[in-house]
Amino acid sequence: ALIVGEGNGRFLSELLRVHPSIEVDCVDASAGMLRLAQQRIRDLLPGLAGRVRFLNEDITLWQPPRSCYDLVVTHFVLDCFQEAELGGILEKLARAATDDAHWLLADFRIPPNGVTRFRARLWLAAMYLFFRITARIGATHLIDPAPLLRGAGFALVQQHLFHCGMLKSELWRGNFQLRQCDLSA
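Residues numbered from 1 in each chain as written. Predicted model: local features only at pLDDT ≥ 70, side-chain atom pairs only at ≥ 80, totals over all residues. Heavy atoms only, no water.

(A) Highlighting the sheet that holds strand β4 (residues 69-75). Taken in spatial order, the 7 strands line up as β3-β2-β1-β4-β5-β7-β6 in an open sheet, and their pairing is mixed. Whereas interior strands pair on both sides, the edge strands pair on one side only; in this sheet they are β3 (52-56) and β6 (154-162). Pairs of neighbouring strands in the sheet enclose a mean axial angle of 15 degrees, with direction left out of account. Sheet strands touched by helix α2 (residues 31-44): β2 (24-28) and β3. Its angle to β3, the strand with the most contacts, is close to 165 degrees. (Pairing = 2+ DSSP bridges. Helix = DSSP H or I, 4+ residues; strand = E, 2+ residues; numbered from the N terminus. Axes fitted to C-alpha atoms, helices over the stretch in contact; angles between N-to-C directions. Contact = heavy atoms within 4.5 Å.)

(B) Expanded view of the environment of E23. Following the sequence through the fold, E23 ends up in the loop between α1 (10-18) and β2. Its relative accessible area of 48% is what places E23 among the partly exposed residues. Separated by 22 residues in sequence, E23 and A1 place their C-alpha atoms 6.2 Å apart. Excluding its chain neighbours within four sequence positions, the residues that come into contact with E23 are A1 and R51. A polar contact is formed between the side chain of E23 and the side chain of R51, at a distance of 3.1 Å. (Buried < 20%, exposed > 50% of the residue type's maximum accessible area, 1.4 Å probe, protein only. Polar contact = N/O pair within 3.5 Å; in protein donor to acceptor, adjacent residues only side chain to side chain.)

(C) Geometry of the packing of aromatic side chains. Applying the stated criterion across every chain yields a total of 3 aromatic pairs. For the pair W103 and F154, a centre-to-centre distance of 5.2 Å together with 85 degrees between the ring planes defines the contact as edge-to-face. Linking W103 in strand β5 (residues 97-108) with F154 in strand β6, this pair joins segments that are 51 residues apart in sequence. Its relative accessible area of 2% is what places F154 among the buried residues. (Phe/Tyr/Trp six-rings, centres within 6.5 Å; stacked < 30°, edge-to-face > 60°.)

(D) Representation of the nonpolar core. Ranked by size, the top nonpolar core spans 27 residues in total, and within it I59, L93, W103 and F154 carry the most contacts. Where this core is concerned, the elements lending two or more residues are β1 (2-4), β4, α3 (83-96), β5 and α5 (146-151). In terms of residue count, α3 provides more of this core than any other element does, 6 residues in total. (Core = buried A, V, L, I, M, F, W, Y, C linked by side-chain atoms within 4.5 Å.)

(E) Layout of the side chain of D107. Tracing the backbone through its elements, the reader meets D107 in strand β5. A distance of 3.4 Å separates a polar atom in the side chain of D107 from the backbone nitrogen of D79.

(F) Representation of the pairing of strand β7 (residues 167-174). By the criterion of burial, β7 is predominantly enclosed, with 6 of the 8 residues buried. As paired elements, β6 and β7 share 8 bridges and run antiparallel to each other. Across the sheet, residue A155 finds its bridge partner in β7, namely R173.

(G) Spatial organisation of the pairing of β2. A large share of β2 lies buried, amounting to 5 of its 5 residues. Pairing of β1 with β2 involves 3 bridges; the strand directions are parallel. When the sheet's bridge partners are listed, L2 is paired in β2 with D25. Considered for its hand, the β-α-β crossover made up of β1, α1 and β2 is right-handed. Direction of pairing for β2 relative to β3: parallel, over a ladder of 5 bridges. Counterpart to C26 in the pairing with β3 is F54. In this fold, β2 hands off to α2, which returns the chain to β3; that crossover is right-handed. (Right-handed = clockwise from strand over helix to strand, strands pointing away.)

Structural measurements only, silent on function.
Pasting the structure below:
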């Protein structure tokens with residue numbers, strides 16, 4: 001598995017608990033977040049700490065091995081990038097995935113209409129301003145990664161919406177035939 005931008009290790013610890021034989025590369029640009037994730041694994045699952053490689057890398061610069069990950073996880077990280085960067089990151093991660101890989105994605109979204117759309121736009125504007133100042137992210141607005149994932153040969157299998165549609169959790173799956181065509185083009 002490849003987890004990008006894991007943060008403090010909450011998802012990683014649950015993944016290891018449920019799938020104790022999994023091997024994980026955990027890539028994060030924040031050394032502090034990687035330390036928190038490592039500590040969480042050492043505290044909660046000390047026998048499984050050796051199954052994780054913690055890589056303090058900028059995902060825009062990191063070069064993953066080709067086609068070796070059966071699972072890619074991007075939770076609340078893709079929204080940190082501008083559209084031009086996001087396309088390159090998703091292409092890179094798709095190339096690192098096996099042809100029939102699963103991709104778990106959790107992120108913000110803007111509901112299609114009504115008060116919930118207005119509320120989500122306000123919250124996202126405030127969050128982008130905060131993270132541009134504190135974390136120096138380049139993004140100024142939310143980019144929907146779905147067209148880019150489809151273009152990379154992935155198909156949406158399942159989607160769950162939370163908090164009046166402002167949060168989404170998605171499962172994507174690589175389509176072997178589609179990905180073969182894309183890679184040979």
